[in-house]
Each structure stands twice: as structure tokens, then as C-alpha cells.
Amino acid sequence: MRIMLACAAGMSTSILVAKMEEAAKEQGKDYKIWAIDQSLIERELGNFDVLLLGPQVQHTMRKVKKIVNDTVPVAVIKAVDYGRGNGAAVLKHAEELVNGGQG
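Residues numbered from 1 in each chain as written. Predicted model: local features only at pLDDT ≥ 70, side-chain atom pairs only at ≥ 80, totals over all residues. Heavy atoms only, no water.

A few points about the packing of helix α1 (residues 12-26) against helix α4 (residues 87-98)
Now for step 1: In contact at an axis separation of 8 Å, α1 and α4 are set at 75° when each is read in the N-to-C sense. Put simply, α1 runs roughly perpendicular to α4. From α1, Leu16, Lys19, Met20, Ala23 and Ala24 reach across to α4, where they touch Gly87, Ala88, Val90 and Leu91. (Axes fitted to C-alpha atoms, helices over the stretch in contact; angles between N-to-C directions. Helix = DSSP H or I, 4+ residues; strand = E, 2+ residues; numbered from the N terminus. Parallel < 35°, antiparallel > 145°, perpendicular 65-115°, else oblique. Contact = heavy atoms within 4.5 Å.)

Quick notes on the UniProt feature "modified residue: Phosphocysteine" (unreviewed entry) in the chain
Now for step 1: Mapped onto the present numbering, the UniProt feature "modified residue: Phosphocysteine" (unreviewed entry) falls at Cys7.
Now for step 2: For Cys7, the position within the fold is in strand β1 (residues 2-7). (UniProt positions renumbered as here; feature names shortened; annotations may be inferred.)

What about the environment of Ala75?
Now for step 1: Secondary-structure assignment places Ala75 in strand β4 (residues 74-76).
Now for step 2: Residues Ala75 and Leu51 lie 24 residues apart in sequence; the distance between their C-alpha atoms is 6.6 Å.
Now for step 3: Filtering out sequence-adjacent residues up to four positions away, Ala75 remains in contact with Leu51, Leu52, Leu53, Met61, His93 and Leu97.

So, the packing of aromatic side chains
Now for step 1: Under the criterion given, the structure shown has zero aromatic pairs.
Now for step 2: We note Lys32 situated over the ring of Trp34; from NZ or CZ to the ring centre the distance is 4.5 Å. (Phe/Tyr/Trp six-rings, centres within 6.5 Å; stacked < 30°, edge-to-face > 60°. Lys NZ or Arg CZ within 6 Å of the ring centre and 35° of its normal.)

Some remarks on the pattern of salt bridges
Now for step 1: For the structure shown, the criterion picks out three salt bridges.
Now for step 2: One salt bridge in this structure joins Glu95 and Lys29, with 2.7 Å as the shortest N-O distance. Of this pair, Glu95 sits in helix α4 while Lys29 sits in the loop between α1 and β2 (32-37); the two residues are 66 residues apart in sequence, bridging distant segments of the chain.
Now for step 3: When its relative accessible area of 29% is taken as the criterion, Lys29 is described as partly exposed.
Now for step 4: One salt bridge connects Lys92 with Glu96, and the closest N-O pair in it is separated by 3.9 Å. Of this pair, Lys92 and Glu96 both sit in helix α4, separated by four residues, roughly a single helical turn.
Now for step 5: Of the residues examined, Glu96 reaches a relative accessible area of 32% and is grouped as partly exposed. (Salt bridge = Lys/Arg side-chain N within 4 Å of Asp/Glu carboxyl O. Buried < 20%, exposed > 50% of the residue type's maximum accessible area, 1.4 Å probe, protein only.)

Right, here's the structure in full:
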């Protein structure tokens, strides 16, 4: 699975990416997980299976959904999981979205 996170600059989310990669490795899953600045989403179209937005850019959700045009699930990372750096919870959220859940 290819999980892309987008936030204001891709910086704070990179810490969460490391925690997610660690959780995936512990679970024996070989996922590609990375973070970008939300302004670069359009450039990455076709490269990800699910897109998670950092809570600080949740106001862009409508615009982002138009960009991806329902080709992949898009959701906002739960603020508590983001703040705590709970990589396992965010990873599970991404998996639920890809598997047809609302997350």
C-alpha cells in the first residue's frame, strides 16, 4: 500500500511517517509511506492509494477531494493520533480507508 500524508510543509508529518513505518515493519507490512506539502498533492496523483491530511490543513479537504476526484480515499488524521505520534493508529486508519471503511 502507498500512503501519502500531506500537511502545511511536510515537516511535522515526517515524524509521524517514521512512526507509521515502524508500526508497519512490526506488523510485517511493506508499505510506502511519505509526507509532502499539501500544495504538491496534484503532482503526486496516481502515486498513492490513500491520502491523509494533517489536522492543520483540514480546511483544504474540499479542494483536495476535487483534486483527487474520488480516485482514492482522503481523510484527516485524528488530531489526538497526530499529536501523540501514534503511528499504529494512523496506519490502521489508512488501512480501513483503503478497505472501504470511512475511517
